[in-house]
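Architecture at a glance
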Amino acid sequence: MKRLSQWLYRISTGVVALVFTGIFLSFSLLALPPQAQQAQRNANGGKSPDTTFLYSPADLYRMADRHGAAGRAGYIRARFTFDLVFPLVYGAFLVAALSWLLGGLIPPSSRWRLLNLAPLAGVLFDFLENTAASLVMLRYPAETPLAALAAPVFTFIKWLFVAGSFLLLIASALLRAWKALNKKSI
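Read on for an overview of the structure.

Definitions and cut-offs
Residues numbered from 1 in each chain as written. Predicted model: local features only at pLDDT ≥ 70, side-chain atom pairs only at ≥ 80, totals over all residues. Heavy atoms only, no water. 1 Å grid on protein atoms, 1.4 Å probe; cavity = no way out; pocket = protein on both sides within 12 Å on 5 of 7 lines; lining within 4 Å. Points joined across faces, edges and corners; volume = space filled by probe spheres on them. Helix = DSSP H or I, 4+ residues; strand = E, 2+ residues; numbered from the N terminus. Nonpolar A, V, L, I, M, F, W, Y, C, P; charged D, E, K, R; others polar. Axes fitted to C-alpha atoms, helices over the stretch in contact; angles between N-to-C directions. Left-handed = near helix turned anticlockwise from the far one by under 90°. Contact = heavy atoms within 4.5 Å. Salt bridge = Lys/Arg side-chain N within 4 Å of Asp/Glu carboxyl O. Buried < 20%, exposed > 50% of the residue type's maximum accessible area, 1.4 Å probe, protein only.

All right, on to the layout of surface pockets then. Within this model, the largest pocket holds a volume of roughly 430 Å³. Considering the residues around the largest pocket, the lining is formed by 23 residues, among which Leu32, Asp50, Thr51, Phe86 and Trp159 are closest to the centre. If you list the elements that add at least two residues to the lining of the largest pocket, you get helix 3 (32-42), helix 5 (82-103) and helix 7 (145-182). Classifying every residue of the lining of the largest pocket gives 11 nonpolar, 6 polar and 6 charged. Its boundaries defined by the atoms lining it, the second largest pocket holds a volume of some 200 Å³. Along the walls of the second largest pocket sit Lys2, Ser5, Gln6, Tyr9, Pro108, Ser109, Ser110, Arg111, Arg113 and Leu114, which together make up its complete lining. Within the lining of the second largest pocket, the residues separate by chemical class into 3 nonpolar, 4 polar and 3 charged.

Given below as structure tokens:
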């Protein structure tokens, strides 16, 4: 993990962070809104596992029922098309931006430098969530107990890492700006 973290610090220059920020913003503005509308149609006005922070296996089965057969098929299709790409986009943005920002804040010898890997955990748990929830949707109305138990856990952990990464990004950007304005060492 340390070698991966160090490599990410080496390649994450300001230009790389800016490029991935542009890709993330473009994707979020152009691809995300139509996908969110389609997901809402698939859910028939109900909730969707990937946008819900806390839910139970019973909630997941209720979501599958509310989606209906066509909505479940649409949900699965979206998880293995759009939702294969989006986690890579937000993950690359967060890793590049955090690595660049934290590189100017945390000494190379500090264990805290591993914080730049947090977005990768978010991406991993996003993929695990998609797989488990899709399996439940695919097999519904048959029960899939292990996947139904795993999906909410994966979702919760995904959101902890993704939200945590964005909070860390904001804090790092503010600290870098403060450091630049005050010309002080942190």
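From this point, the narrative continues.
Moving on, we get to the packing of helix 5 against helix 7. The N-to-C vectors of helix 5 and helix 7 enclose an angle of 35°; their axes lie 10 Å apart at closest approach. In this structure, helix 5 crosses over helix 7, and the sense of that crossing is left-handed. Along its contact with helix 5, which presents Tyr90, Phe93, Leu94, Ala97, Leu98, Trp100, Leu101 and Leu102, the element helix 7 presents Lys158, Val162, Ser165, Phe166, Leu168, Leu169, Ser172, Ala173 and Arg176. The residue makeup of the contact of helix 5 with helix 7, split by class, is 13 nonpolar, 2 polar and 2 charged.

Time to look at the pattern of salt bridges. According to the stated counting rule, one finds 4 salt bridges in the structure shown. Between Asp50 and Arg79 there is a salt bridge whose closest N-O contact spans 3.6 Å. With Asp50 in the loop between helix 3 and helix 4 (57-79) and Arg79 in helix 4, this residue pair connects regions lying 29 residues apart in the sequence. Of the two residues, Asp50 and Arg79, neither departs from the other in class, the shared state being buried. Note that Glu129 and Lys158 form a salt bridge whose closest N and O atoms lie 3.2 Å from each other.

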